[in-house]
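Structure assessment
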Amino acid sequence: MTEIALHIDRSASGVPLVLLPAFPLDARMWGPVREILDKIPVIAVDPPGFGDRGAPADITYALRAGPHAALETYARAVAAALDDLGVGRIVLAGVSMGGYTAMAFAELFPARLAGIGLLDTSARTDPSDKRQGRLSMVSALEGGQTPDAFTPGLLDSVISPVTKTERGELFELLSSWYAQAPTDGIIWSQRAMAARPGRLDVLESLDVPGLVLRGVDDGLSPFDASEEMAAALGTVVVEVPRAGHLAAVEDPESVAEALRDLWQRATALS
């Protein structure tokens, strides 16, 4: 199973920290965090349709999955790619769509989890208006609209105002990444996210160390959604000031520190 791309910084021996990016990004978003997490085996993942990846249809075919886009397919692809490396238990963390996928992985493969990190995400299903917005984007793209038409609105919704006004280089970098997002990846991801169920019950069933983190300026993942995930995992919400939905990119130092703590707690029990 080689259809999903893994980026390995150090030996994956032991219990690696596996990082899933936010929509519509790939493993590049984890670059600064990965640099800070020295001496920890880190694996960053490209989602279906993004980065050094196979097309979503190729991944679906390789897994003999159903025809509909589903985050469960993404989770199974990650598990299969880790199998190819001989990796068993992992500490799994994801941002936004990456968090949704981490919860799908937890439901499918609970015994493989040594710990879970949920960053700027939610265990809730989409409300009807947000689901319809995702499907409207899909319809527009399938009708010939180009992804760059959505870049400004998407980007403004996920970053802190501080990033746009005080972190010019980072804002320009994120703008370029968003503009590069491939159409097939966007369509597949939006459909998969729109179809996802709520998974708070999955978190309540886990007995592993957890991390719930959000940027203080995150307007997409409300604090009460983070609180309920933290309660389910028996932890508290870590908040990152001056950061939005992409706290992992906006303040990699704070996020790396929180992930290091999660990994250390999880591997101390392994």
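Preceding block: the structure.
A brief report on the enclosed structure follows. Since the structure is predicted, the reported quantities are computational estimates derived from the model, not experimental observations.

1. Quick look at the overall build of the protein chain
Counting secondary structure elements, the protein chain contains 13 helices and seven strands. Relative to the 2.2 N^0.38 estimate, which gives 18 Å for 270 residues, the radius of gyration of the protein chain is 17 Å and therefore close to what a compact globule would have. Taken across its 270 residues, the protein chain has 55% of its residues classed as buried. At a minimum sequence separation of 6, the contacts of the protein chain that also span at least 24 residues come to 79%. Within the structure as shown, the protein chain displays about 10800 Å² of accessible surface, and the carbon and sulfur contribution to it stands at 52%. Computed over 22 positive and 36 negative side-chain charges, the separation of the two mean positions in the protein chain equals 3 Å.

2. Focus: the packing of helix 5 (residues 128–142) against helix 9 (residues 183–195)
At their nearest, the axes of helix 5 and helix 9 sit 9 Å apart, and the two run at 155° to each other. Between helix 5 and helix 9, the angle falls in the class roughly antiparallel. The two elements helix 5 and helix 9 cross, and the hand of that crossing is left-handed. On the side of helix 5, the interface is formed by R131, R134, L135, M137, V138, L141 and E142, while helix 9 contributes T183, I186, I187, Q190, R191, M193 and A194.

3. As for helix 9
Taking 1.5 Å per residue, 13 residues should reach 18 Å; helix 9 reaches 18 Å between its end C-alpha atoms and fits that length. Listed in full, the buried residues belonging to helix 9 are G185, I186, I187, W188, S189, Q190, A192, M193 and A194.

4. Looking at the layout of surface pockets
A volume near 290 Å³ is recorded for the largest pocket. If you trace the largest pocket, you find 17 residues lining it, with F23, K130, R134, L154 and L220 closest to the centre. Elements that contribute at least two residues to the lining of the largest pocket include exactly helix 5, helix 6 (151–158) and helix 9. The element contributing the most residues to the lining of the largest pocket is helix 5, with five residues.

5. Quick look at empty space enclosed by the protein
Summary: where empty space remains is shown by rolling a probe the size of a single water molecule over the atoms. Per the counting criterion, the structure on display carries two cavities of 30 Å³ or more. In this structure, the largest cavity encloses a volume near 40 Å³. Along its surface, the largest cavity is lined by P24, P147, F150, T151, L154, Y178, A181 and I186. Across the lining of the largest cavity, the residue classes break down as seven nonpolar, one polar and no charged. Considered as a void within the structure, the second largest cavity measures approximately 30 Å³ in volume. Along its surface, the second largest cavity is lined by Y100, M103, S122, A123, R124, R196, P197 and R199. Residues of the lining of the second largest cavity, tallied by class, amount to four nonpolar, one polar and three charged.

6. Focus: the pairing of strand 4 (residues 90–95)
Side-chain positions along a regular strand alternate between the two faces of the sheet. With six of six residues buried, strand 4 lies mostly within the body of the structure. Neither face of strand 4 is exposed, since I90, L92 and G94 on one face and V91, A93 and V95 on the opposite face are all buried. Pairing of strand 2 (residues 17–20) with strand 4 involves four bridges; the strand directions are parallel. In the sheet register, L19 faces strand 4, and the bridge partner there is A93. In this structure, strand 4 lies alongside strand 5 (residues 113–119), joined through six bridges in parallel fashion. Note that in strand 5 the partner of V95 across the bridge is L119. Crossover handedness for the path strand 4 to helix 4 (residues 97–108) to strand 5: right-handed.

The rules behind these values
- Residues numbered from 1 in each chain as written.
- Predicted model: local features only at pLDDT ≥ 70, side-chain atom pairs only at ≥ 80, totals over all residues.
- Heavy atoms only, no water.
- Helix = DSSP H or I, 4+ residues; strand = E, 2+ residues; numbered from the N terminus.
- Rg over C-alpha atoms; globule rule 2.2 N^0.38 Å.
- Buried < 20%, exposed > 50% of the residue type's maximum accessible area, 1.4 Å probe, protein only.
- Contact = heavy atoms within 4.5 Å.
- Areas by Shrake-Rupley, 256 points an atom, 1.4 Å probe, with all protein chains shown as cover.
- Lys, Arg positive; Asp, Glu negative; His and termini not counted.
- Charge placed at Lys NZ, Arg CZ, Asp CG, Glu CD.
- Axes fitted to C-alpha atoms, helices over the stretch in contact; angles between N-to-C directions.
- Parallel < 35°, antiparallel > 145°, perpendicular 65-115°, else oblique.
- Left-handed = near helix turned anticlockwise from the far one by under 90°.
- Expected span 1.5 Å × (residues − 1).
- 1 Å grid on protein atoms, 1.4 Å probe; cavity = no way out; pocket = protein on both sides within 12 Å on 5 of 7 lines; lining within 4 Å.
- Points joined across faces, edges and corners; volume = space filled by probe spheres on them.
- Nonpolar A, V, L, I, M, F, W, Y, C, P; charged D, E, K, R; others polar.
- Pairing = 2+ DSSP bridges.
- Right-handed = clockwise from strand over helix to strand, strands pointing away.

Nothing here speaks to function; it is all geometry.
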